[in-house]
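Understanding the architecture of this molecule
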Amino acid sequence: MRLGALEPEHPVLTLPGDGNAPEKPIEVEVRRLVAVDRRYDNARRSLSGPQSSARTTLGQEVNIAAQPQSAESCIVRLDDARLSYPSPEGEIAVLQGVDLTVAAGEVVAVTGPSGSGKSSLIAMIGGLESPTGGRVRVLGVDVAAASEHERTHLRRRDIGIVFQAYHLVPAMTALQNVALPLMLAGHDDSRERAAEILERVGLGHRLTHRPSALSGGEQQRVAVARAFVAGPSLLLADEPTGNLDRKTGAGVADTMFALVRDTGAAMLMVTHDDAMSARCDRVIALDGGRVLS
Ligand SMILES: Nc1ncnc2c1ncn2[C@@H]1O[C@H](COP(=O)(O)OP(=O)(O)O)[C@@H](O)[C@H]1O
Ligand SMILES: [Mg+2]
């Protein structure tokens, strides 16, 4: 698997031939891809005003060193964190002073009604949105104060994200999707590691399938594998089973819990499912951009 120009904005990858996909250079504008996804989310909110900028990468990338950079053992620490979006009627205050800590290895459910700010919270902790007030520290890094370069590093090293809508690259096979974060980080064993984690999530027999040839549950398993492939110390999951039927969702959740427990990663998981919340160490409830409990 060869890596072309390793420009963070416009990486050009040469994908390996693997059965269904012959070797060919392919331009992957990772940032733009997820930015489009995010715009889709925004469009659904039927807001006609200017959108907040979507400075995003694949959302999850690579963890080389999972050590917190400060003496604290907190993976996540929010102090009076705020997030506002611009709109034609003025600023919309979406997160209105959130205090939250997540310890290493802790598994926390995030609940709350639609529009309460759950996705915004995940996006802010994942570095996809910048806090507009207060302080957000992830592995000791103050994300607002950090440079874009530092934030990208943090996302590549330490954070995995799973979205409700999978967000796989349609033109890539399961193996290529999972290998992508490692390729972007310049690993030369990305293919082997991707195959290993796909095996682990039960997709060893689907390596060369493209997303369109996979069921919803399988696509989400690919996304879970992609989020875990680099061994993140924080997994962020935004309604990961929200698009799946109950049984399929429970299977995907089992895999996520097993991976988190086995690797010692912390997890923040947005869910409306009480059975899922009950499996977490702690539940926080958001309402109107504030933490209730
Ligand atoms: N990019 C954005 N621009 C403007 N408003 C937004 C944007 N993203 C979210 N919002 C608004 O923020 C509020 C919280 O949204 P969200 O975090 O998606 O909530 P939840 O995930 O709990 O349903 C909603 O009122 C939503 O319309
Ligand atoms: Mg949401």
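Scroll up to find the structure this text is about.
Position numbers for residues start from 1 in each chain and track the written sequence from start to end. Numbering of ligands from 1 and lettering of chains from A proceed in the order in which they are written. Reporting of local features is limited, given that this is a predicted model, to residues whose pLDDT is at least 70; pairs of side-chain atoms are given and counted only at 80 or more, and all residues count toward the totals for whole chains, interfaces and linings.

What follows covers the overall build of the chain. Along the backbone of the chain there are eight helices and 13 strands. Among the 293 residues that make up the chain, the fraction classed as buried is 45%. Residues are treated as contacting if the C-beta atoms built from their backbones sit within 7 Å of each other. The contacts in the chain between residues at least 6 apart in sequence include a share of 71% that link residues at least 24 apart. Think of it this way: any DSSP run of H or I at least four residues long counts as a helix, any run of E at least two long counts as a strand, and we number them from the N terminus. Burial is judged by counting other C-beta atoms within 10 Å of a residue's own C-beta: 20 or more means buried, 12 or fewer means exposed, and anything between counts as partly exposed, with every C-beta placed from the backbone.

Strands are labelled as partners when DSSP assigns at least two bridges between them. The pairing of strand S4 (residues 74–85) with strand S7 (residues 133–138) spans five bridges and is classified as antiparallel. The residue of S7 that forms the bridge with Arg82 is Gly133. Pairing geometry for S7 and strand S8 (residues 141–142), over two bridges, is antiparallel. Pairing of Arg137 across the sheet is with Asp142, part of S8. Taking the residues between adjacent antiparallel strands as the criterion, S7 and S8 are bridged by two residues, where Leu139 takes a positive phi near 50 degrees.

The next thing to look at is the packing of helix H6 (residues 216–228) against helix H7 (residues 246–263). Fitting a line to C-alpha atoms yields each axis, with helices limited to the stretch in contact; the angle taken between N-to-C directions then spans 0 to 180 degrees. One can describe the packing of H6 onto H7 by two numbers: an axis separation of 10 Å at closest approach and a directional angle of 15 degrees. Of the possible angle classes, the one that applies to H6 and H7 is roughly parallel. In this structure, the crossing between H6 and H7 has a hand that is right-handed. Contacts from Gly216, Gly217, Gln220, Arg221, Val224 and Phe228 of H6 reach H7 at Thr248, Gly251, Val252, Thr255, Met256 and Leu259. Among the residues making up the contact of H6 with H7, the classes are represented as five nonpolar, six polar and one charged. Working rule for angles: under 35 degrees goes down as roughly parallel, over 145 as roughly antiparallel, 65 to 115 as roughly perpendicular, anything else as oblique. The crossing is said to be left-handed when, going from far helix to near helix, the turn is anticlockwise and less than a right angle, and right-handed when the turn is clockwise. Classification convention: Asp, Glu, Lys, Arg as charged; Ala, Val, Leu, Ile, Met, Phe, Trp, Tyr, Cys, Pro as nonpolar; all other residues, Gly among them, as polar.

Take the environment of Glu199 next. Inspection of the secondary structure puts Glu199 in helix H5 (residues 190–200). Along the sequence, Glu199 and Ala225 sit 26 residues apart, while their C-alpha atoms lie 9.0 Å from each other.

A separate point is the sheet that holds S4. Read from one edge of the open sheet, four strands run S5-S4-S7-S8, paired in antiparallel fashion. Each having just a single partner strand, strand S5 (92–103) and S8 make up the two edges of the open sheet. Sheet strands in contact with helix H2 (residues 118–125) are S4, S5 and S7, and its direction is about 60 degrees off that of S5.

Working note: a packed helix pair is described by the angle between its axes plus the distance between those axes. Contact geometry for helix H4 (residues 174–184) and H5: axes closest at 8 Å, N-to-C directions at 125 degrees. Regarding the angle of H4 to H5, the classification is oblique. As for how H4 packs across H5, the hand of that crossing is right-handed. Taking contact as the criterion, the partners of Ala174, Leu175, Val178, Ala179, Leu182 and Met183 in H4 are, on H5, Ser190, Arg191, Arg193, Ala194, Ala195, Ile197 and Leu198. Here the residues of the contact of H4 with H5 sort into ten nonpolar, one polar and two charged.

Looking now at the sheet that holds strand S10 (residues 234–238). Strand order in the open sheet formed by six strands is S9-S10-S11-S6-S12-S13, and the pairing between neighbours is mixed. The two strands at the open ends of the sheet, each matched to only one other strand, are strand S9 (159–162) and strand S13 (290–291). For strand S6 (residues 107–111) and strand S12 (residues 282–287), the ladder comprises four bridges, and the chain directions are parallel. Counted as the bridge partner of Ala109 is Val283 from S12. The strands that H2 touches are S6, S10, strand S11 (266–270) and S12; relative to S11, the one it contacts most, it runs at about 150 degrees.

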